[in-house]
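Chain by chain, the residues:
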Amino acid sequence: MVGAAVVLVGGLVSWFHPAQLLPAGTPVTGGVRLYGVRMAARALPLGLALLALLALRARRMLAALLILVAAIEAGDCVAALANRDWAELAGAVVVAVAFLWAATRLVDAPLWAARAWREPATPPTASWPGSRE
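Quick caveat: nothing in here was measured; it's all calculated off a predicted structure.

1. What about the packing of aromatic side chains?
Consideration 1: Scanning the entire structure with this criterion turns up one aromatic pair.
Consideration 2: Geometrically, the ring pair formed by W15 and F16 is stacked, given 5.4 Å between the ring centres and 10° between the ring planes.
Consideration 3: When its relative accessible area of 47% is taken as the criterion, W15 is described as partly exposed.
Consideration 4: With a relative accessible area of 55%, F16 lands in the exposed category.

2. Remarks on the pattern of salt bridges
Consideration 1: Across all of its chains, the model carries one salt bridge by this definition.
Consideration 2: Of the charged contacts in the structure, one is a salt bridge between D76 and R42, with a shortest N-O distance of 3.5 Å. Within this pair, whereas D76 is found in helix α3 (residues 59-83), its partner R42 is found in helix α2 (residues 30-56), the two being separated by 34 residues in sequence.

3. Some remarks on unusual backbone geometry
Among all residues save glycine, negative phi is the norm, and among peptide bonds the norm is trans.
Consideration 1: Here the phi dihedral of R84 falls at roughly 55°; this positive angle occurs in a residue that is not glycine.
Consideration 2: For R84, the position within the fold is in the loop between α3 and α4 (86-107).
Consideration 3: Accessibility expressed as a relative area gives 63% for R84, which makes it exposed.
Consideration 4: Unusually for a residue other than glycine, D108 sits at a positive phi of about 55°.
Consideration 5: Mapped onto the fold, D108 is located in the segment after α4.
Consideration 6: D108 sits in the exposed class, given a relative accessible area of 62%.

4. What about the environment of A40?
Consideration 1: Structurally, A40 can be placed in helix α2.
Consideration 2: In this structure, the C-alpha to C-alpha distance between A40 and G11, residues 29 residues apart in sequence, is 4.0 Å.
Consideration 3: Beyond its immediate chain neighbours, meaning those up to four positions away, A40 contacts G11, S14, W15 and P45.

5. Notes on a nonpolar patch on the surface
Consideration 1: A surface patch of nonpolar side chains, about 420 Å² in accessible area, is lined by L12, W15, F16 and V37.
Consideration 2: With three residues, the top contributor of residues to the nonpolar patch is helix α1 (residues 2-16).
Consideration 3: Along the chain, the position of L12 falls in helix α1.
Consideration 4: By relative accessible area, L12 is classed as partly exposed at 41%.

6. Looking at the nonpolar core
Here is a general trend for soluble globular proteins: nonpolar side chains tend to be buried in one another's company.
Consideration 1: Counting residues in each nonpolar core, the largest one holds 22 residues, and the members touching the most others are V7, L50, L62, L66, V69 and F99.
Consideration 2: In this structure F99 touches G3, A4, V7, L50, L66, V69 and A70, once residues within four positions along its chain are discounted.

7. Let's talk about α1
Consideration 1: Over its 15 residues, α1 runs 21 Å from end to end, which matches the ideal 21 Å to within 8%, given 1.5 Å per residue.
Consideration 2: Those residues of α1 that sit buried are G3, A4, V7, L8, G11 and S14. Burial along α1 is one-sided: seen end-on, the buried residues are contained in an arc of 135°. For α1, the exposed residues set more than 90 degrees away from the buried face come down to V2 and F16.
Consideration 3: On its buried face, α1 sits against α2, α3 and α4.

8. Let's talk about the side chain of E73
Consideration 1: When you line up the elements, E73 lands in helix α3.
Consideration 2: Of the side chains with opposite charge, R42 comes closest to the buried, unpaired E73, at an N-O distance of 5.1 Å.
Consideration 3: If near-sequence neighbours (up to four positions away) are discounted, E73 is found in contact with A92, V95 and A96.

Quick notes on the rules
- Residues numbered from 1 in each chain as written.
- Predicted model: local features only at pLDDT ≥ 70, side-chain atom pairs only at ≥ 80, totals over all residues.
- Heavy atoms only, no water.
- Phe/Tyr/Trp six-rings, centres within 6.5 Å; stacked < 30°, edge-to-face > 60°.
- Buried < 20%, exposed > 50% of the residue type's maximum accessible area, 1.4 Å probe, protein only.
- Salt bridge = Lys/Arg side-chain N within 4 Å of Asp/Glu carboxyl O.
- Helix = DSSP H or I, 4+ residues; strand = E, 2+ residues; numbered from the N terminus.
- Contact = heavy atoms within 4.5 Å.
- Patch = residues over 30% accessible without salt bridge, like charges linked within 9 Å, V, L, I, M, F, W, Y side chains within 5 Å.
- Areas by Shrake-Rupley, 256 points an atom, 1.4 Å probe, with all protein chains shown as cover.
- Core = buried A, V, L, I, M, F, W, Y, C linked by side-chain atoms within 4.5 Å.
- Expected span 1.5 Å × (residues − 1).
- Arc of directions from axis to C-beta.
- Lys, Arg positive; Asp, Glu negative; His and termini not counted.

Written as structure tokens, this is what we have:
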């Protein structure tokens, strides 16, 4: 839930305060506003989808979406390295690693193992983490 909140807050900040995406003192231009809106258009649906899949307890789909968001964050890491933006790099690395870790926990197998993505023959006996079943 924390990861989904981070993605949603990032989208809202991008949309309503695109100046937060820039170093201090950098002027906000039309291009910055457009970038903010496009970033929000990416982040808000991803954050909402993460919350919806979490609520539905769709473990494999949630794991796949977590991996997609981690891949996007990996792209942000490359951009941050190219621009020598160490604060952005640190944040993107933390989010990417956390989401990959969560995806691994959801499928109970290493992400590269085929068994992580196949449907189990029988429903799992373990309950959803934190549930009272």
